[in-house]
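Results of the structural survey
Take a look at the letters that make up each chain.
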Amino acid sequence: MTIEKRLLTGSTTMLVLKLLADKDMYGYQMIEELSKRSDDTFNLKAGTLYPLLHNLEQKGMVSSYNDNADSARVRKYYSITKKGKALLAEKRTEWKIYSSAVNKVLKGGATLAETC
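Residues numbered from 1 in each chain as written. Predicted model: local features only at pLDDT ≥ 70, side-chain atom pairs only at ≥ 80, totals over all residues. Heavy atoms only, no water.

Our focus in this paragraph is the overall build of the chain. In terms of helices and strands, the chain carries six helices and three strands. Seen in sequence order, the chain has helices and strands lined up from the N terminus as α-α-β-α-α-β-β-α-α. Each of the 116 residues in the chain was classed as buried or not, and the buried ones make up 29%. Carbon and sulfur atoms form 54% of the exposed surface of the chain, whose accessible area is close to 8,000 Å². (Helix = DSSP H or I, 4+ residues; strand = E, 2+ residues; numbered from the N terminus. Buried < 20%, exposed > 50% of the residue type's maximum accessible area, 1.4 Å probe, protein only. Areas by Shrake-Rupley, 256 points an atom, 1.4 Å probe, with all protein chains shown as cover.)

Here it is in structure tokens:
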């Protein structure tokens, strides 16, 4: 089943920040890790990820640095900042409230297992 793109858009910032809260990563690594952790539900494109990272960096949520990824290649790595960790905590709380409310509505007419 494919998830509607509008549903994914609202959670992308939170998901990227969560990845960076676990460890510093470069862009393609984030795309791969997000896909892997979500069983291929989240398949970000570079054209979506890099503008998001640029915006987060401008707002002080992430910082970047260049480092050697392997013997010959220098990559731009991103790390979450203290401000980014605070935003992640805020987004997680918002998500819990939102998903709880959606589940309550879904359970109102049928059990959750019947609706999925």
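Moving on, we come to the nonpolar core. Val-16, Leu-17, Leu-20, Met-30, Leu-49, Leu-53 and Leu-56 are the most contacted members of the largest nonpolar core, which totals 20 residues. Residue assignment for this core shows that the elements contributing at least two residues are helix 2 (12-22), helix 3 (27-37), helix 4 (46-58), strand 3 (74-80) and helix 5 (82-109). It is helix 2 that contributes the most residues to this core, five residues altogether. (Core = buried A, V, L, I, M, F, W, Y, C linked by side-chain atoms within 4.5 Å.)

Time to look at a nonpolar patch on the surface. Residues Trp-95, Tyr-98, Val-102 and Leu-106 make up a contiguous nonpolar surface patch of about 370 Å² in total accessible area. Positionally, Leu-106 belongs in helix 5. With a relative accessible area of 35%, Leu-106 lands in the partly exposed category. (Patch = residues over 30% accessible without salt bridge, like charges linked within 9 Å, V, L, I, M, F, W, Y side chains within 5 Å. Salt bridge = Lys/Arg side-chain N within 4 Å of Asp/Glu carboxyl O.)

Strand order in the open sheet formed by three strands is 1-3-2, and the pairing between neighbours is antiparallel. Two strands close off the open sheet at either side, each with one partner strand: strand 1 (25-26) and strand 2 (62-68). Here strand 2 runs beside strand 3; their pairing, made up of seven bridges, is antiparallel. Of the residues in strand 3, the one forming a bridge with Asp-67 is Arg-75. Running over the sheet, helix 2 touches strand 1, strand 2 and strand 3 and is turned about 100° from strand 3. Across the sheet, helix 4 lies against strand 2 and strand 3, angled at about 115° from strand 2, the strand it touches most. (Pairing = 2+ DSSP bridges. Contact = heavy atoms within 4.5 Å. Axes fitted to C-alpha atoms, helices over the stretch in contact; angles between N-to-C directions.)

Time to look at the pairing of strand 3. Counting buried residues in strand 3 gives five out of seven residues, a clear majority hidden from the surface. Strand direction decides the pairing type here: strand 1 and strand 3, joined by two bridges, are antiparallel. In the strand pairing of strand 3, Met-25 is matched with Tyr-78.

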